[in-house]
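Next come the chains, spelled out residue by residue.
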Amino acid sequence: MEPVRPVPPPGRPDPPRAESAAAAAELAGLLRTAGYEVHRIQERLGTGDELLARSPELPAHLRRVGSSDELALLLRLFLLGVPVVRTRFDRLVGSRLRARLAGAGLLLDDGREVHGAARLVPHDELLIASDHAAAAEGHPDHVPGVHRPSVALAHLTVRGEGERALDLCTGNGIQAILLAGHAEHVVATDVNPRALAYAEFNAAVNGVRNVETRRGSFFEPIAGERFDLVVANPPYVVSPEHGHLFRDGGMRGDGISEHVVRAAPAALAPGGFACILIAWALDPDDPAARPRAWLEDGGCDAYLLHTSTDDPLETASVWNRELLDRPEAYADALDRWLDYYGELGIAHLGYACVVLRKRADGGTGWLESQHLPRAALRPASAHMRRLFETRDRLLKLDTESALLDRRVRVVDDAVVRQETRFADGGWNPEALELRLERGLPFSAELDVPTARLIRALDGSRTLREALVSVEDAAAEKPGLAVARQMLEVGFLELVD
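Calculation rules
Residues numbered from 1 in each chain as written. Predicted model: local features only at pLDDT ≥ 70, side-chain atom pairs only at ≥ 80, totals over all residues. Heavy atoms only, no water. Pairing = 2+ DSSP bridges. Helix = DSSP H or I, 4+ residues; strand = E, 2+ residues; numbered from the N terminus. Axes fitted to C-alpha atoms, helices over the stretch in contact; angles between N-to-C directions. Buried < 20%, exposed > 50% of the residue type's maximum accessible area, 1.4 Å probe, protein only. Arc of directions from axis to C-beta. Contact = heavy atoms within 4.5 Å. Salt bridge = Lys/Arg side-chain N within 4 Å of Asp/Glu carboxyl O. Phe/Tyr/Trp six-rings, centres within 6.5 Å; stacked < 30°, edge-to-face > 60°. Lys NZ or Arg CZ within 6 Å of the ring centre and 35° of its normal. Core = buried A, V, L, I, M, F, W, Y, C linked by side-chain atoms within 4.5 Å. Patch = residues over 30% accessible without salt bridge, like charges linked within 9 Å, V, L, I, M, F, W, Y side chains within 5 Å. Areas by Shrake-Rupley, 256 points an atom, 1.4 Å probe, with all protein chains shown as cover. Lys, Arg positive; Asp, Glu negative; His and termini not counted. Charge placed at Lys NZ, Arg CZ, Asp CG, Glu CD.

Quick look at the sheet that holds strand β19 (residues 492-494)
Taking strand neighbours across the sheet as the criterion, the 3 strands line up as β18-β14-β19 in an open arrangement whose pairing is antiparallel. The sheet is open, and its two edges are formed by β18 (458-462) and β19, each paired on a single side. Pairs of neighbouring strands in the sheet enclose a mean axial angle of 30°, with direction left out of account. As paired elements, strand β14 (residues 407-410) and β18 share 2 bridges and run antiparallel to each other. Of the residues in β18, the one forming a bridge with R409 is D458.

Structure representation (C-alpha cells):
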C-alpha cells in the first residue's frame, strides 16, 4: 500500500558529502542522464511548481510517478521522500549511479528498503540537496530546500563581474552557488554546521570551486572584511519560537532584520551592493518607517522592495502549516504566535527585500520604497542597477526645467498592450497597459494623454518637446510628474 505522507529516513542521516570533485561531477551527470531534471520531473508529476516545497498531493504524485523505471525510484527517494524496496532499487537503478549515491551518503539501507538520506531538487541547471521536510520536527539544525523567498532574493540580487561576495546565512548554499557564477570569490557563512555541510556538497555537485564556507553568527566570521556584494536570507521571521535555526533568530520582534540591515553597510566596499530579505512590524501610516530608521547613518542608498503585508494570523498560519495534519498542535501554535504579536503590539507585518548601495562619498543616503506587484519575479539585476543610476541622475537635476530639457526614451523592455471589446456591432478599444517584459514586473494603465506621451518619447526630443507635441502648455506640469514616476520605476530612461 502506498504511503499517504513522506516517510522520514531512519535515524538522523548526516548531510551528504562529496567523495571528490570528479565523483561529485559524475553523480550530477548520472542523475541528469536518468532524467532527474526540471522539465522531465514536471512532466512526470504533471505540475509546474511543486518542486519548491513539500506537496500535500503525495498520494497522487506517487501514483503518477509509478515505480517501474529508474527515474520513478529516484523521484520517490529524493523528491517525494518515500522508501523503495531494495531488490527493485538494485534491479532498476544503474550500478554506477547506485555506487555514486552510496559514496555520497545519499542512501540508507535497512536491509529490506532503501531510503533517500536527503532531498535532491533540480533548479534550472543546478541540483540542490537539503533535509527532507518530513524529518524537520525536533531538529533545530534542519536545513530546508529552496523556497520562494530564496528565488526572489536570487532575482533581486544586483550582480556584476569579478566581485568579492558574501552569502550571509547561506543555508543550503543556493545563493553562494549563484554568486559563484560571476564573482571571483564567495564567502558563505552560517551558524549551523549542518547547513555548511550541505552548502559544501551542493557547491561540489554543481562544479563550483570558488566558495569558501565559514561557521559563525551573522557577520562575526567576516569581521573587518569588505565585500563588493552581500546577499542575506537571515532567519527574519517575527516568531516566538526557537525550534529552527533557519526561521527563528532568537531576537525579540523584528530584531534579526534590524541587526542585519544595520550591520550590512560596514561589510560593504564603496559602491558595493547588499540584498537582504527582511520582515518588520509595519505601521500602515508609514510602512517604511522602521527600515528607514535602521539605515540612518549607514552611508547607503537603498530601495525597499516591499513584497507583501500580512496580518498576524496570516503570518502565523503560513509558518506553521507543517502542523496542518495535527489540528490541536496547529491551533496551539496559532494561539502562541498571536499572543506574542499581541504582546508586542504588532497588527501588521511587512516583508521586503532591501537593496543597499554603499556610497563612495560617505554621505547620507536616500531610501526609496517600491511595492512589488504580485506577479512572478524574474531576474532583475540590470533593472535594479538602472534604478539606482536613474535616481542618482534625477537628484542632480535640481530644477523642473533641467529635467524638461533632457531627452527621455521608453526602455527597450517596455511593451504596450490594448484590450478591445466587441459591442454595438464593432470592436471598441478599452484599456491600455504599459508593462515591462524583463526585470521587475511593473505595469501601469495608460490614459489617452499618457499613451500619447509614451509614443512621443523615442529619445529624439527633449521631454519638454515631447509634452508640447502631445498636449497644450497647461498640461506640462502633470506630464512632467508622470514622466518622473515612470523614470523612477524603469519604464523610461534618460538619454545621454
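Description of helix α3 (residues 58-65)
Among the residues of α3, those classed as buried are L58, H61, L62 and V65. An end-on view of α3 places all buried positions within 100° of arc, on one side of the element. Of the residues in α3, the exposed ones pointing more than 90 degrees away from the buried face are R63 and R64. Contacts from the buried residues of α3 go to α2 (38-45) and α4 (70-80). Note on α3: the residue one or two positions beyond its end, G66, has a positive phi of about 75°.

Section: the environment of L367
Summarising the element assignment, L367 is placed in strand β13 (residues 367-371). For L367, the residues in contact, after removing those within four places along its chain, are A288, R292, L295, A302, Y303 and L304.

Here we look at the pattern of salt bridges
Throughout the structure, instances matching the rule amount to 32 salt bridges. D131 is the salt-bridge partner of R194, the closest N and O atoms lying 2.9 Å from each other. Of the two residues, R194 is situated in helix α9 (residues 193-205) and D131 in the loop between β5 (126-130) and α7 (148-156); the sequence distance between them amounts to 63 residues. Here R194 and D131 have matching classes, each one buried.

Some remarks on the packing of aromatic side chains
The description of an aromatic ring pair uses the distance of the two centres, along with the angle that the planes make with each other. For the structure shown, the criterion picks out 8 aromatic pairs. Taken together, a centroid distance of 5.0 Å and an interplanar angle of 85° make the contact between Y303 and F388 edge-to-face. Taken together, the residues Y303 in strand β11 (residues 300-310) and F388 in helix α14 (residues 381-396) connect sequence positions 85 residues apart. Classification of F388 as buried rests on a relative accessible area of 1%. Here the aromatic rings of W366 and F388 are separated by 5.7 Å at their centres, their planes lie at 35°, and the arrangement is tilted. Highlighted residues: W366 in the loop between β12 (349-358) and β13 and F388 in helix α14, separated in sequence by 22 residues. Each residue in the set F273, Y303, W366 and F388 is aromatic and connected to the rest through ring pairs, giving one cluster. Over the aromatic face of W366 sits the side chain of R391, whose NZ or CZ is 5.1 Å from the ring centroid.

Some remarks on the sheet that holds strand β1 (residues 84-85)
In sheet architecture, strand pairing relies on hydrogen bonds along the backbone and comes in two forms, parallel and antiparallel. Reading across from one edge, β1-β3-β2 is the order of the 3 strands in this open sheet, with antiparallel pairing throughout. Each having just a single partner strand, β1 and β2 (107-109) make up the two edges of the open sheet. Pairing geometry for β2 and strand β3 (residues 113-116), over 3 bridges, is antiparallel. Along β3, the bridge assignment pairs L107 with G116. Of the strands in this sheet, β1, β2 and β3 are in contact with α4, which crosses β3 at around 60°.

Here's the deal with the nonpolar core
Counting 78 residues, the largest nonpolar core has V355, M384, L403, L440, L457, L463 and L492 as the members making the most contacts within it. With 6 residues, the top contributor of residues to this core is helix α13 (residues 327-344). Here L440 is in contact with L156, L372, L377, R378, A380, H383, M384 and L387, once residues within four sequence places are set aside. Residues L73, F89, V143 and F201 belong to the second largest nonpolar core, which totals 39 residues.

Considering the environment of V238
The topology assignment puts V238 in the loop between β9 (227-232) and α10 (255-263). Residue classification places V238 among the buried residues on the basis of a relative accessible area of 1%. Residues V238 and G255 lie 17 residues apart in sequence; the distance between their C-alpha atoms is 8.3 Å. In this structure, V238 is in contact with G253, D254, A279, W337, Y340, Y341, I346 and L349, ignoring residues within four places of it in sequence.

Thoughts on a negative patch on the surface
Residues E328, D332, D335 and D339 make up a contiguous surface patch of negative charge. Within the secondary structure layout, D332 lies in helix α13.

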